[in-house]
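In case you want the letters, here they are:
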Amino acid sequence: MDHVIETKNLTKRFGRTRAVDGLNLAVPRGSVFAFLGRNGAGKTTAIRMLLHLLDKTAGTARVLGLDSVHDTLEIKRRVGFVGDGQLMYDWMTVDEMIWFCKGFYQGWNDAFAAEMKKRLELQGKTKVRALSRGQQAKLALLLAMAYRPELLILDEPTTGLDVVVRRNFLEGVIELIQEEGRTVFFSSHIVHEVERVADWVGIIDNGRLIRCAPLEELKAQVKRLVLTFETTPAGLAKRLPGALSVNVTGRQATAIVSDFSDGTPAAARALGSSRLEVEDLSLEDIFVALVGHPEEA
Amino acid sequence: MVTVRIQGRRQTGPSLWGRLLWKEWREDWLPLAIGVGLPLLSRPLWDQYGGSPFLSAYFLVICLTLLWAIYRTQTAITGAGARTILPVPGFPHWLFTIPVPIMAPAITGVVLGVLVGTWPAFQEMTASGMMPAFALYLMAGYALCAVAASAFTAFPAVLIGGGWMILTNPFRPEDLPQQSVLFALVIVGALLAQGAWEACSARRWFLPGRIGIAVALAWLALFPLGMAQMFHRGDAGGQWRFSPSPLRSSLHQASVTFSMAGKTSPPSSLEYLHNMSSGSHNVSFVQEHQFGQFFQPLGFRDATHVLVGQQQPGESVLHIIEWDVTADTVHEVITFTPGRYALYHWHSEVSPDGRYLLFLTNSSPSSLMRKIPLGYDLWVVDLVEPRAGIAAVGMMTRSFHDGPYDPGIDPSIAQWETGRCYLLEEDPIVEIDLTTLRSRRMDQ
């Protein structure tokens, strides 16, 4: 499979803290890849290393087949990036900002930029400083997409936006970028909104990638099992293969398993379960089960 | 406007360079206007309220230059946030970090150099000499500050840029042309350092880059420290720095001017000219005398006797010489050591009876290590006994803040009475006891 982002043991330490710890990531070309993690999990640090905005401590990172350290200028030319709270020249108007940034990219498409400006309802004469946070995010998106990047990296692009704007933004991005089969790599901790747009998911926790799979595959693997026993079961968490969490109430147990397969019902029966119900989980439930601490997720 | 074909599509509009220049102009015009306007704006205010108008404007321009360097550098094309994502190649980035923005302080310096001659205290300075000197001075400060702000943060940039500008030139515009080569070297050094820093940044070699720049700045610190030491040593030598000022007297209808062997030669002799009207006839008497070097006419003892101060380089004593212009002879009235530190002749005045010489000198402001108070030293010389004494130190004489006393006719700051002399323009009035050669303020 062709990958637009590949990291091997990518590590970043801040003093004794490992912000990113041996990250091995592969993002397939043409995918909408959601990079999920709790606040402080290491998402932004990893992205900044991909673009060489931050120095790595160890490991390698390649973006579009280019080395993130030595080919940083070329990567910046071919990758669109929208970061959280993106700073722009606030004294420029929207049109001036578009005109100024155009000079840096050979592939800038005026017609596409004009269309995006109309679609995102941006007023050309408005100063950047007068734009709302949502409008600034839209302008950043326009600037990142108008040169038709092969890869669009969005780092928490919707933080601080209200629900409606957030939803429109994400759907708009995906719609725009997927029209030409380009790749979108975006980080978020608002998991339920990601589910509607992503087809690949990578989950990072404490700087380590704990899961990376197509969304459908992930949803097929992580299931909630409702098991009914003749008597109250004991030690189920250790005995049930792949159990992420087990909650026992009388004779009934609810478990979430990380690697559901055809053999799982047989394994449940072997544990003494007389009845097994298998339920699908939302991505948010899967995320909570994988990274734990549901009250914080 | 240029039209280029990129990936099969026509792209019309200014190039990347054009865009960067446009952005530069949009960001720089306001500080440039402020820098150019400050001397003009501050002048009427200071003229109205007193003080030193040019040096105030000069100080404000320096502050503006430093602050602008820091702000401009930290918001440069690859500053914080998303700006870092713009694919700006190393050379344009370097170019638009210092070499292009430095044009604003350069233009400000040129304008300041043109304006300096319009202030009475600096009339002798020529615009052609001061324009490049001011420009280089401000450019050097800007460049240093920009490098420090790039590699470190705003606070060290303020310390480095401000410290260097103040240490190398403690508000003495007249010394700037002599330091032009140093300023040019600093600019070149800063440009090279910025280039090295760009290269280090591109490879994320931040720590080695910062260490390198810190070491370079430490070496640079030797310049101002060395200069301060040099001034200090010069001061300790007691050399009197003359500011050649002619002397005129309406009372004696005479004047004493310098004459030079050539246009570029230092003055080597004094020319005495006495004009006397007799009916419809004007009678002139001209006398010239060679004094060698480093001398200054201090005043008329009477119509035909001129007092001259002289001190050769390296000498710690000051010679007060009386020149009898009729006989064209000179004799030394008194020699004394005016102080351990360099002195500037600021004002001198002879009592009407020709017995006392009063002169104000200014200690060298160059050395940070000097130990005498700021302000002017008041010397009184009894030419008859003869003896000399320092009557007061650290006088913040309002009358002389604007520079050396204008070599006008009959300059006078003193009211002479028997055994006493009063400096009436002082607040409070200063009384000098001519017997003890001591002074006191009249509020004491």
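So, how was this worked out
- Residues numbered from 1 in each chain as written.
- Chains lettered and ligands numbered in written order.
- Predicted model: local features only at pLDDT ≥ 70, side-chain atom pairs only at ≥ 80, totals over all residues.
- Heavy atoms only, no water.
- Helix = DSSP H or I, 4+ residues; strand = E, 2+ residues; numbered from the N terminus.
- Buried < 20%, exposed > 50% of the residue type's maximum accessible area, 1.4 Å probe, protein only.
- Contact = heavy atoms within 4.5 Å.
- Areas by Shrake-Rupley, 256 points an atom, 1.4 Å probe, with all protein chains shown as cover.
- Pairing = 2+ DSSP bridges.
- Axes fitted to C-alpha atoms, helices over the stretch in contact; angles between N-to-C directions.
- Parallel < 35°, antiparallel > 145°, perpendicular 65-115°, else oblique.
- Left-handed = near helix turned anticlockwise from the far one by under 90°.
- Nonpolar A, V, L, I, M, F, W, Y, C, P; charged D, E, K, R; others polar.
- Phe/Tyr/Trp six-rings, centres within 6.5 Å; stacked < 30°, edge-to-face > 60°.
- Lys NZ or Arg CZ within 6 Å of the ring centre and 35° of its normal.
- pLDDT = per-residue confidence, 0-100.
- Core = buried A, V, L, I, M, F, W, Y, C linked by side-chain atoms within 4.5 Å.
- Lys, Arg positive; Asp, Glu negative; His and termini not counted.
- Salt bridge = Lys/Arg side-chain N within 4 Å of Asp/Glu carboxyl O.
- Polar contact = N/O pair within 3.5 Å; in protein donor to acceptor, adjacent residues only side chain to side chain.

Moving on, we get to the overall build of chain B. Check the secondary structure of chain B and you find eight helices and 19 strands. Counting only residues that meet the buried cut, chain B has 50% of its 444 residues in that class. Contacts spanning at least 24 positions in sequence make up 54% of the contacts within chain B whose residues lie at least 6 apart. Summed over all atoms, the accessible surface of chain B reaches about 20500 Å², with 64% contributed by carbon and sulfur.

The next thing to look at is the overall build of chain A. Looking only at helices and strands, one finds 11 helices and 14 strands in chain A. For chain A, buried positions account for 52% of its 297 residues. Residue pairs at least 24 apart in sequence account for 69% of intrachain contacts in chain A once pairs closer than 6 positions are excluded. Here chain A displays about 13000 Å² of accessible surface, and carbon together with sulfur accounts for 46% of that area.

Moving on to the pairing of strand E9 (residues 305-310) of chain B. Residue and element names in this part refer to chain B. Summarising burial for E9: six of the six residues are buried, a large majority. Side chains His305, Leu307 and Gly309 of E9 all project onto a buried face; the interleaved residues Val306, Val308 and Gln310 project onto the opposite face, where all are buried too. Alignment of strand E8 (residues 295-302) against E9, held across six bridges, turns out to be antiparallel. For glutamine 296, the partnering residue across the bridge sits in E9 and is glycine 309. Counted along the chain from E8 to the antiparallel partner E9, the turn is two residues long. Here E9 runs beside strand E10 (residues 318-324); their pairing, made up of six bridges, is antiparallel. From the neighbouring strand, glycine 309 faces E10, where its bridge partner is isoleucine 320.

Before going further, it helps to examine the packing of helix H3 (residues 94-102) of chain A against helix H5 (residues 133-145) of chain A. All names here are of chain A. Here H3 crosses H5 at 25°, and the two axes come no closer than 10 Å. Regarding the angle of H3 to H5, the classification is roughly parallel. Between H3 and H5 lies a crossing of right-handed hand. Seen from H3, the contacting residues are Val94, Met97, Ile98 and Cys101; seen from H5, they are Leu139, Leu142 and Leu143. Within the contact of H3 with H5, the residues separate by chemical class into seven nonpolar, no polar and no charged.

So, on to the packing of aromatic side chains. Considering all chains together, one arrives at 25 aromatic pairs over all chains under this definition. Between tyrosine 272 of chain B and tryptophan 323 of chain B the ring centres are 6.4 Å apart and the planes differ by 80°, which places this aromatic pair in the edge-to-face class. With tyrosine 272 of chain B in strand E6 (residues 269-278) and tryptophan 323 of chain B in strand E10, this pair connects stretches of sequence that are 51 residues apart. With relative accessibility at 1%, the residue tyrosine 272 of chain B sits in the buried group. Residue class for tryptophan 323 of chain B comes out buried when judged on its relative accessible area of 0%. Taking the centre distance of 6.4 Å and the plane angle of 40° together, the rings of phenylalanine 336 of chain B and phenylalanine 359 of chain B count as tilted. You can see phenylalanine 336 of chain B sitting in strand E11 (residues 329-336) and its partner phenylalanine 359 of chain B sitting in strand E13 (residues 356-363), a full 23 residues away along the chain. The buried category is assigned to phenylalanine 359 of chain B, whose relative accessible area is 1%. Grouping aromatic residues by their ring pairs yields a cluster made of Tyr89, Trp91, Trp99, Phe100 and Phe104 of chain A together with Trp22 of chain B. Here arginine 148 of chain A stacks its cationic end above the ring of phenylalanine 112 of chain A, 3.7 Å away from the centre of that ring.

Moving on, we get to helix H11 (residues 283-291) of chain A. Because each turn of an α-helix spans 3.6 residues, side chains separated by three or four positions end up pointing in the same direction. Residues and elements named next belong to chain A. Of all nine residues in H11, seven are buried; the element is thus mostly enclosed. Inspection of H11 places Leu283, Ile286, Phe287, Val288, Ala289, Leu290 and Val291 among the buried residues, and these make up the whole buried set. Looking one or two places after H11, you find glycine 292, whose phi comes out positive at around 75°.

The next subject is the confidence of the model for chain B. Residues and elements named next belong to chain B. Summing up the model confidence of chain B, the mean pLDDT is 76 and the portion of residues at 70 or higher is 72%. In this model, residues 400-408 is a region of pLDDT below 50 whose contacts with residues beyond four sequence positions or in other chains number 25 contacts. For this predicted complex, the interface confidence comes out at an ipTM of 0.76, alongside a pTM of 0.65.

As a further point, take H3 of chain A. Most of H3 of chain A is tucked away, with seven of its nine residues classed as buried. Among the residues of H3 of chain A, those classed as buried are Val94, Glu96, Met97, Ile98, Phe100, Cys101 and Lys102 of chain A.

On to the packing of helix H4 (residues 110-119) of chain A against H5 of chain A, then. All names here are of chain A. Running from N to C, H4 and H5 cross one another at 165°; their axes reach a closest spacing of 10 Å. Between H4 and H5, the angle falls in the class roughly antiparallel. Our pair here, H4 against H5, has a crossing hand that is right-handed. Contacts between H4 and H5 involve Phe112, Ala113, Met116 and Lys117 from the former and Leu141, Leu142 and Met145 from the latter. Looking at side-chain class alone, the contact of H4 with H5 contains six nonpolar, no polar and one charged residues.

For the rest of this paragraph, the subject is the nonpolar core. Grouped burial of nonpolar side chains is what soluble globular proteins tend to show. The biggest cluster of nonpolar side chains holds 66 residues, and the ones touching the most others in it are Leu139 and Phe186 of chain A. If one sorts the elements of this core by residue count, H5 of chain A sits on top with eight residues. One finds Ala69, Leu112, Phe134 and Tyr142 of chain B within the second-largest nonpolar core, a separate group that totals 46 residues.

A few words on the sheet that holds E9 of chain B. All names here are of chain B. Taken in spatial order, the four strands of this open sheet run E8-E9-E10-E11, and their pairing is antiparallel. Each having just a single partner strand, E8 and E11 make up the two edges of the open sheet. Strand-to-strand twist in this sheet, taken as the mean axis angle between neighbours without regard to direction, amounts to 25°.

All names here are of chain B. Assignment of secondary structure puts glutamate 349 in strand E12 (residues 343-350). In this structure glutamate 349 is buried but unpaired, with arginine 301 as the nearest side chain of opposite charge at 15 Å. Among the polar contacts made by the side chain of glutamate 349, one reaches the side chain of tryptophan 416 at a distance of 3.5 Å.

Any two side chains of opposite charge can pair, on the condition that their charged atoms come close. Residues and elements named next belong to chain B. One pass over the structure, following the stated rule, counts 27 salt bridges over all chains. Its salt-bridge partner being arginine 355, residue aspartate 382 comes within 2.9 Å of it at the nearest N-O pair. Here aspartate 382 is found in strand E14 (residues 376-382), whereas its partner arginine 355 is found in the loop between E12 and E13, with 27 residues between them in sequence. In this structure arginine 355 comes out as partly exposed when scored by relative accessible area, which is 26%. Where aspartate 382 meets arginine 387, a salt bridge forms, and the shortest distance between an N and an O atom there is 3.4 Å. With relative accessibility at 0%, the residue aspartate 382 sits in the buried group. By relative accessible area, which is 22% here, arginine 387 ends up partly exposed. One salt-bridge network, in which partners are shared between bridges, spans Lys23, Glu24, Glu27, Asp28 and Arg72.

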